[in-house]
Structure formats: C-alpha cells, structure tokens
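Letter by letter, the chains look like this.
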Amino acid sequence: MADAQPHQGPHGEDLFDAMNFHTRKWVRPEDLNANGTLFGGSLLRWIDDEAVVYAMIQLGNQRIVTKYISEIEFVSSATQGDILEIGLQAVHFGRTSLTMRCEVRNIITGDTILSIDKIVFVGLNEEGQPEPHGYSTITYSRDRFPEDLRTRNRSIV
C-alpha cells in the first residue's frame, strides 16, 4: 500500500513538514511480524518513547503519563532495512497536559506509514496527581528540561 498524497493542512501545507521534533528508526529483523513487515506494536512503542521525552521537555516535568491516544491510522507498511522518520507536533497546551499529533513516514519510499491525530500527555506531581505546568507555547530548546534530571549526579562508579 502507498499513500499518494501527504497529509495536508487547511492551506495545503504538508503537515509532516510542520512537525517540530523528528527522530529516525531503522527497521531491523526483530521489528518484523510474521508477514515480514513492521510489527505495529514496535512502531507504537517507538512513538510513545519519543513522545514522552518531547512532552517532558515541553512541560518541564519528568513525571509524564500517556492519557489518551486517538484513532491510529496505519496507511502503509515498512520492511526490513527501511528507515522511518517520526514527526511530533505540539498542538495544544492544557492546564496540566500537552496534546500533540504524530506522523510517521518512510524516508526511502516517501510513503506515510501511520498518523495519529491526538496524543495527550499529563504531567504529574510527586503524589501522582495532575500538576499545572504554566506553559502555553512550544519550546525549541531544552530550557524546560526537568531540573532534577539536569543536575543528577553523573559520576561513574
């Protein structure tokens, strides 16, 4: 299967190009299902791993939980040796949450592999309760990276 048209915004812009965080994954033999194509669970794990780090930076909190993932649309598949690019875009800041969208495409073929319109993460306090973060804009630096992670002792024993 191939996706002939990139996902486009209301003004015809390529929504993947609007993504402000990218990572790349190489599809290896251990990532394949019985059909010899990418196992969807592997891809979802990669997305969640990247999205939680992105949410940590945006919310300035290392205690982040996945609250909600909307419908996941698998558009095409990938095979061993393909290189995938995962794009995430923050689209809304709630009082304690961050909502983002995700697009994954195959760098080699250009095909869209998957899209998720809404992933919601919530920042928690030490008691596990939602914690207001006070942000309303996206950061492109690591200035909000949780202070306790920045100052953690990194001495080698």
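Residues numbered from 1 in each chain as written. Predicted model: local features only at pLDDT ≥ 70, side-chain atom pairs only at ≥ 80, totals over all residues. Heavy atoms only, no water.

## A closer look at the nonpolar core
Keep this limit in mind: Nonpolar cores are built from buried Ala, Val, Leu, Ile, Met, Phe, Trp, Tyr and Cys residues. Side-chain atoms within 4.5 Å join them into one set. In this scheme, a residue with accessible area under 20% of its type's maximum is buried, one over 50% is exposed, and one in between is partly exposed, where area comes from a 1.4 Å probe on protein chains only. Going along the chain from the N terminus, every DSSP run of H or I of four or more residues is numbered as a helix, and every run of E of two or more is numbered as a strand. Contacts between residues were defined by any pair of non-hydrogen atoms, one from each residue, lying within 4.5 Å.
If you look at the biggest cluster of nonpolar residues, it comprises 26 residues, and the most contacted ones within it are L43, I47, L84, M100, C102, V104 and L114. Secondary structure elements with two or more residues in this core: α1 (40-59), β4 (83-93), β5 (97-106) and β6 (112-123). Among the elements that make up this core, the one with the highest residue count is α1 (8 residues). In this structure, L84 is in contact with T23, R24, K25, V27, L38, L43, W46, A78, V104, R105, N106 and I113, ignoring residues within four places of it in sequence.

## Digging into a nonpolar patch on the surface
Stated precisely, the cut-off is as follows: Candidates for patches are residues over 30% relative accessible area with no salt bridge; among them, like charges are joined within 9 Å and nonpolar side chains (Val, Leu, Ile, Met, Phe, Trp, Tyr) within 5 Å. Computed with a 1.4 Å probe, the accessible areas rest on the Shrake-Rupley method; for each residue, only the protein chains presented here act as cover. Just to be clear on terms, a salt bridge is a Lys or Arg side-chain nitrogen sitting within 4 Å of an Asp or Glu carboxyl oxygen.
A cluster of nonpolar side chains, namely W26, I83, I107 and I108, defines an oily patch on the protein surface of about 400 Å² accessible area. On the secondary structure map, I108 appears in the loop between β5 and β6. Overall, I108 belongs to the exposed group, its relative accessible area being 53%.

## Focus: α1
Going by this rule: Each helix should span, by expectation, one fewer than its residue count multiplied by 1.5 Å.
For α1, built from 20 residues, the straight-helix expectation of 28 Å at 1.5 Å per residue is met to within 8% by its first-to-last C-alpha distance of 28 Å. Three or more residues of α1 are buried, namely S42, L43, W46, I47, E50, A51, Y54, A55, M56, I57, Q58 and L59. A positive phi of about 65° marks G60, the residue just after α1.

## Examining the side chain of S97
Among the secondary structure elements, S97 is positioned in strand β5. Once you skip the residues sitting within four places of it in the chain, S97 turns out to touch L59, H92, V120, F121, V122 and H133.

## Considerations on the confidence of the model for the protein
Note the threshold: Known as pLDDT, the predictor's per-residue confidence is scaled from 0 to 100.
Averaged over all residues, the pLDDT of the protein is 85; the fraction at 70 or higher stands at 78%. The least confident element of the protein, judged by mean pLDDT, is helix α2 (residues 147-150) at 68; the most confident is β6 at 96. In this model residues 1-6 is a low-confidence stretch, pLDDT under 50, and it forms 9 contacts with partners more than four residues away in sequence or in other chains.

## As for the pairing of β6
Heads up, the rule is: What makes two strands pair is DSSP finding at least two bridges between them.
Buried residues dominate β6, accounting for 10 of its 12 residues. One ladder, built from 5 bridges, connects strand β2 (residues 64-69) with β6; its direction is antiparallel. The residue bridging T66 from the neighbouring strand is F121, located in β6. With 8 bridges connecting them, β5 and β6 associate as antiparallel partners. Bridged to M100 within β6 is I119. Here β5 folds back onto β6 in antiparallel fashion, the turn holding 5 residues, of which G110 has a positive phi close to 85°.

## Focus on the pattern of salt bridges
Taken as a whole and assessed by the stated rule, the structure comprises 4 salt bridges. The closest approach of N and O atoms between E85 and R24, which form a salt bridge, is 2.8 Å. In this pair, E85 sits in strand β4 while R24 sits in strand β1 (residues 21-26), placing the two residues 61 residues apart along the sequence. The buried category is assigned to E85, whose relative accessible area is 9%. We classify R24 as exposed; its relative accessible area is 51%.

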